[in-house]
Amino acid sequence: MSLFITFEGGEGSGKSAQSKILYKRLSNLVIPAVLTYEPGGTPLGKKLGRWLKWTDDKNITPLVELLLFNAARAQSVTEVIRPGLKKGKVVISDRYADSTTVYQGYGRGLDMETIKATNDAATQGQKPDLTVLLDIPTEVGLTRKKGSRRDRFEQEELAFHHRVREGYLKLAAGEPERWLVVDTTQDKETVAGIIWRRVSQLLGRESD
Ligand code: TMP
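It should be emphasised that the depicted structure is a prediction, and the values quoted were computed from it without experimental measurement.

A. Inspection of the sheet that holds strand 2 (residues 33–37) at higher detail. Spatially, the 5 strands line up as an open sheet ordered 2-3-1-4-5, and their pairing is parallel. Pairing within the sheet leaves two strands with one partner each, and these edge strands are strand 2 and strand 5 (179–183). With direction set aside, neighbouring strand axes in the sheet form an average angle of 20°. The sheet contact formed by strand 4 (residues 130–135) and strand 5 spans 5 bridges and is parallel.

Dropping the structure here:
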């Protein structure tokens, strides 16, 4: 049964770890699954993502970010997401279009109409069945990231990250049937258990 699941969250929210845990759980149950991430899940996405995160070009505008993240996304939809779903797999994407709405919209202040039009063009009608928001107080998430080299987004001021968190919570509140909001200050296994409960319901495998 094909299912499209996306993971979203601010810096240090544990998305990557939780998407991997879910992927492993599905694989252990021999449920065909694909794990991908944005912006790096294709060769093009990897290049664009590296550039978007690490360039020292100070002249990049929010519009350019919007277009490049969506270029990576369009490639991922065509190369990874759609083929996986067509084969009846569970496709898990660590970040998707909601990241753009939140980071380039709420974070950078780009107008929502332009964002929606561009996201819609890139996603080509491929909407997630479930989006897991790993919610964490902004300061706690940023502290978790301390120690590692900080990319362009992690280096943003605290207010930017607060807007990102608030943006996510607003999106989730506006579409509660698609979003599952999980408090990710809880331990890893508890968070994974909450996510698994919802996914297994969607797969009709409550007993696993
Ligand atoms: P990550 O590997 O930590 O998830 O890094 C991706 C960074 O790029 C993260 O800071 C969020 C940002 N981002 C956007 O600003 N817009 C987007 O559309 C996506 C996918 C990511």
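Back to the write-up after that little detour.
B. Structural context of the packing of helix 4 (residues 97–107) against helix 7 (residues 158–174). Two elements in contact, helix 4 and helix 7, have axes separated by 8 Å at closest approach and are oriented at 130°. Classified by the angle their axes make, helix 4 and helix 7 are oblique. For the pair helix 4 and helix 7, the sense of crossing is right-handed. Mapping the contact onto sequence places Asp98, Ser99, Thr101, Val102, Tyr103, Tyr106 and Gly107 in helix 4 and Phe160, Arg163, Val164, Gly167, Tyr168, Lys170 and Leu171 in helix 7. A breakdown of the residues in the contact of helix 4 with helix 7 according to their chemical character gives 7 nonpolar, 4 polar and 3 charged.

C. Main features of the nonpolar core. Counting 19 residues, the largest nonpolar core has Ile5, Leu22, Leu26, Val90 and Ile195 as the members making the most contacts within it. Elements with a contribution of two residues or more to this core: strand 1 (3–9), helix 1 (15–28), strand 3 (90–94), strand 4, strand 5 and helix 8 (188–203). Filtering out sequence-adjacent residues up to four positions away, Leu26 remains in contact with Ile31, Ala33, Val90, Ile92, Trp196 and Leu203. Counting 12 residues, the second largest nonpolar core, distinct from the first, contains Tyr103, Phe160, Tyr168 and Leu171.

D. Broad picture of the layout of surface pockets. In this structure, the largest pocket occupies an estimated 710 Å³ of space. Partitioning the lining of the largest pocket into residue classes produces 9 nonpolar, 12 polar and 13 charged. Of the pockets and cavities examined, the second largest pocket occupies roughly 410 Å³. Taken together, 18 residues form the lining of the second largest pocket, with Asp98, Thr101, Asp120, Lys127 and Arg178 sitting closest to its centre.

E. Examining the environment of Asn70 more closely. In this structure, Asn70 sits in helix 3 (residues 62–86). Remark: the alpha-carbon pair of Asn70 and Ala121, spanning 51 residues in sequence, is separated by 8.4 Å. Setting aside its immediate chain neighbours within four residues, Asn70 contacts Thr100, Thr118, Asn119 and Ala122.

F. The site of the ligand, seen in detail. Close to the ligand lie Glu11, Lys15, Glu38, Lys53, Phe69, Arg73, Arg95, Ser99, Thr100, Tyr103, Gln104 and Phe153, which account for all nearby residues. Within the contact set of the ligand, an oxygen atom lies 2.9 Å away from a side-chain nitrogen or oxygen of Glu11. Between an oxygen atom of the ligand and a side-chain N or O atom of Arg73, the distance comes to 3.1 Å. In isolation the ligand exposes 470 Å². Once the protein is present, 91% of that is buried. The cavity that encloses the ligand is the largest pocket. For the shell around the ligand, the secondary-structure elements that each account for two or more residues are helix 3 and helix 4. At 4 residues, helix 4 tops the list of elements feeding residues into the shell around the ligand. The residue makeup of the shell around the ligand, split by class, is 3 nonpolar, 3 polar and 6 charged.

Rules of the game
Residues numbered from 1 in each chain as written. Predicted model: local features only at pLDDT ≥ 70, side-chain atom pairs only at ≥ 80, totals over all residues. Heavy atoms only, no water. Pairing = 2+ DSSP bridges. Helix = DSSP H or I, 4+ residues; strand = E, 2+ residues; numbered from the N terminus. Axes fitted to C-alpha atoms, helices over the stretch in contact; angles between N-to-C directions. Parallel < 35°, antiparallel > 145°, perpendicular 65-115°, else oblique. Left-handed = near helix turned anticlockwise from the far one by under 90°. Contact = heavy atoms within 4.5 Å. Nonpolar A, V, L, I, M, F, W, Y, C, P; charged D, E, K, R; others polar. Core = buried A, V, L, I, M, F, W, Y, C linked by side-chain atoms within 4.5 Å. Buried < 20%, exposed > 50% of the residue type's maximum accessible area, 1.4 Å probe, protein only. 1 Å grid on protein atoms, 1.4 Å probe; cavity = no way out; pocket = protein on both sides within 12 Å on 5 of 7 lines; lining within 4 Å. Points joined across faces, edges and corners; volume = space filled by probe spheres on them. Near = heavy atom within 4 Å. Polar contact = N/O pair within 3.5 Å; in protein donor to acceptor, adjacent residues only side chain to side chain. Areas by Shrake-Rupley, 256 points an atom, 1.4 Å probe, with all protein chains shown as cover. Sits in = over half its atoms within 2 Å of the grid points.

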